[in-house]
Amino acid sequence: MALITQERLTQPGGGSVVVLTLDRAERLNALPDLTDGDEVAAVCEAINGDLDVRCVVLTGAGRAFSAGGDLNAMKARGEMFAGSGAAIREQYRRVVHRIVRALYGLEVPLIAAVNGPAFGLGCDIAGLADIRIASDRASFGVPFLKLGIIPGDGGSWLLPRNIGYVRAAEMLFTARAIDAETADAWGLVNRVVPHEALMDEAMATAAQVAAMPPRALRMAKTLLRQGRDMTFDQTLEYSAAMQALAHLTDDHIEGVTAVLEKRTGVFTGD
């Protein structure tokens, strides 16, 4: 069964926003099935290759964002969890890791609109987003230890970077879930909105992002991501190289002209 449905929305100022929906509502958007890695990678690769796409919004169908791994499959040692230890390792590398690498590797900003529970892999997928907006019905948890396993999806690297070591340790070692308000206080989400307003808020934010010049937007995301692991001097060198390219674009001249003329810039990616 396919994991994702897509909707492409053209923005008034130019460019498009793609809405990706985890669409297994009857299973609380559990993942991954064995084909999910290929599917997510193909979706993200297509987005990266399309300069018209300027922002992605990721949400879940039904009442959950994603409940994470399929417990029935785990108990049966089937699907993703079948075979020897070596086989399971390869399945994590080729399915789970392919999903998180593809989403983390999106070149355009990713907004997670977290509509409900986000647990395990679902919580870590939400944490991959650049901007996270939560419904007041959302909750977050990493209950891996409660199931006798550990984060196999890179969450042990990601979560401390999002909320700090001590809070990540508390979530992981106790397996306790946190509500949307706590997630907001801890910096796991940007803000919490009433459930009925979630997608309107996410799309309004996406529209603001999509109004930016597409090449500079992608470069800015790359700088933020690379800056997590580079020294200050390395960041300065990388920034200078990207800035030189940005100065040579038509969109740069359009942006400067628009500010001087006190109007909104219209950016084409040239």
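What you are looking at is a predicted structure, and each value in this text was computed from that prediction instead of being measured.

Q: So what exactly am I meant to see when it comes to the overall build of the protein chain here?
A: For the protein chain, the helix and strand inventory stands at eleven helices and nine strands. Projected onto the principal axes, the alpha-carbon positions of the protein chain cover approximately 65 × 40 × 35 Å. Out of the 270 residues in the protein chain, the part that is buried amounts to 47%. Across the protein chain, every contact between residues at least 6 apart in sequence was considered, and the portion connecting residues at least 24 apart equals 66%. Summed over all atoms, the accessible surface of the protein chain reaches about 13400 Å², with 57% contributed by carbon and sulfur. Both charge centroids of the protein chain, one from 26 positive and one from 33 negative side chains, sit 5 Å from each other.

Q: In this structure, what is going on with a nonpolar patch on the surface? I would like to understand it.
A: Taken together, Leu145, Ile150, Tyr165, Val166 and Phe173 make up a surface patch of nonpolar side chains, about 590 Å² in accessible area. You can see tyrosine 165 is positioned in helix α6 (residues 165-174). Classification of tyrosine 165 as exposed rests on a relative accessible area of 58%.

Q: I would appreciate a short explanation of the side chain of threonine 21 in the present structure.
A: Along the chain, threonine 21 turns up in strand β2 (residues 16-22). Residue class for threonine 21 comes out buried when judged on its relative accessible area of 16%. Aside from chain neighbours lying at most four places away, what touches threonine 21 is Leu3, Ile4, Thr5, Thr59, Gly60 and Ala61.

Q: Would you take a moment to explain the packing of aromatic side chains for this structure?
A: Two measures describe an aromatic ring pair: the distance that separates the ring centres and the angle between the ring planes. Summed over the entire model, instances satisfying the criterion amount to one aromatic pair. Their ring planes at 90° and their centres at 6.0 Å tell us that tyrosine 104 and tryptophan 157 sit as a pair that is edge-to-face. With tyrosine 104 in helix α3 (residues 85-104) and tryptophan 157 in helix α5 (residues 155-163), this residue pair connects regions lying 53 residues apart in the sequence. With a relative accessible area of 24%, tyrosine 104 lands in the partly exposed category. Across the ring face of tyrosine 104, the terminal group of arginine 225 is positioned such that the distance to the ring centre comes to 3.9 Å.

Q: Explanation requested: the nonpolar core in the structure shown.
A: Within soluble globular proteins, side chains that are nonpolar generally end up buried alongside one another. Counting residues in each nonpolar core, the largest one holds 53 residues, and the members touching the most others are Ile47, Val56, Ile125 and Phe140. The leading source of residues in this core is α3, at six residues. For isoleucine 125, the residues in contact, after removing those within four places along its chain, are Leu31, Leu58, Phe65, Ile99 and Leu103. Judged by nonpolar contacts, the second largest core, of 16 residues, contains Cys55, Val57, Val193 and Ala206.

Q: In this structure, what is going on with the environment of histidine 252? I would like to understand it.
A: Relative to the elements of secondary structure, histidine 252 occurs in helix α11 (residues 250-260). Taking the C-alpha atoms as reference points, histidine 252 and glutamate 39, separated by 213 residues in sequence, lie 35 Å from one another. Not counting the four nearest positions on each side in its chain, histidine 252 is found in contact with Ala246 and His247. Of note is the side chain of histidine 252, whose polar atom sits 3.4 Å from the side chain of histidine 247.

Q: Sorry, what's going on with the pairing of strand β3 (residues 53-60) here?
A: Residues in a regular strand project their side chains so that they alternate between the two faces of the sheet. Counting buried positions over the eight residues of β3 gives eight, a clear majority of the element. Examined bridge by bridge, β2 and β3 share seven bridges and lie parallel to one another. Paired with leucine 22 across the strands is glycine 60, a residue of β3.

Q: I keep staring at the sheet that holds strand β5 (residues 117-119) and nothing clicks. Help me out?
A: Hydrogen bonding along the main chain pairs the strands of a sheet, whether they run parallel or antiparallel. Pairing is mixed in the open sheet, where three strands are placed in the order β5-β7-β8. Here the strands that pair on one side only, and so sit at the sheet edges, are β5 and β8 (178-179).

Q: Please clarify how unusual backbone geometry should be interpreted in this entry.
A: Glycine aside, a negative phi is what most residues show, and trans is what most peptide bonds show. Looking along the chain, the bond that leaves leucine 31 and enters proline 32 is cis, with omega of 10°. Relative to the helices and strands, proline 32 resides in the loop between β2 and α1 (36-48). Unusually for a residue other than glycine, leucine 28 sits at a positive phi of about 55°. Relative to the helices and strands, leucine 28 is located in the loop between β2 and α1. Residue class for leucine 28 comes out partly exposed when judged on its relative accessible area of 28%.

Q: For this particular structure, what's the right way to read the pairing of strand β6 (residues 131-135)?
A: Burial runs high along β6: five of the five residues are buried. Of the two faces of β6, the one lined by Ile131, Ile133 and Ser135 and the one lined by Arg132 and Ala134 are each fully buried. Pairing of strand β4 (residues 110-114) with β6 involves four bridges; the strand directions are parallel. In the strand pairing of β6, isoleucine 111 is matched with isoleucine 131. By the bridge criterion, three bridges tie β6 to strand β9 (residues 191-193) in an arrangement that is parallel. Counted as the bridge partner of isoleucine 133 is arginine 191 from β9.

Rules used in this analysis
- Residues numbered from 1 in each chain as written.
- Predicted model: local features only at pLDDT ≥ 70, side-chain atom pairs only at ≥ 80, totals over all residues.
- Heavy atoms only, no water.
- Helix = DSSP H or I, 4+ residues; strand = E, 2+ residues; numbered from the N terminus.
- Buried < 20%, exposed > 50% of the residue type's maximum accessible area, 1.4 Å probe, protein only.
- Contact = heavy atoms within 4.5 Å.
- Areas by Shrake-Rupley, 256 points an atom, 1.4 Å probe, with all protein chains shown as cover.
- Lys, Arg positive; Asp, Glu negative; His and termini not counted.
- Charge placed at Lys NZ, Arg CZ, Asp CG, Glu CD.
- Patch = residues over 30% accessible without salt bridge, like charges linked within 9 Å, V, L, I, M, F, W, Y side chains within 5 Å.
- Salt bridge = Lys/Arg side-chain N within 4 Å of Asp/Glu carboxyl O.
- Phe/Tyr/Trp six-rings, centres within 6.5 Å; stacked < 30°, edge-to-face > 60°.
- Lys NZ or Arg CZ within 6 Å of the ring centre and 35° of its normal.
- Core = buried A, V, L, I, M, F, W, Y, C linked by side-chain atoms within 4.5 Å.
- Polar contact = N/O pair within 3.5 Å; in protein donor to acceptor, adjacent residues only side chain to side chain.
- Pairing = 2+ DSSP bridges.

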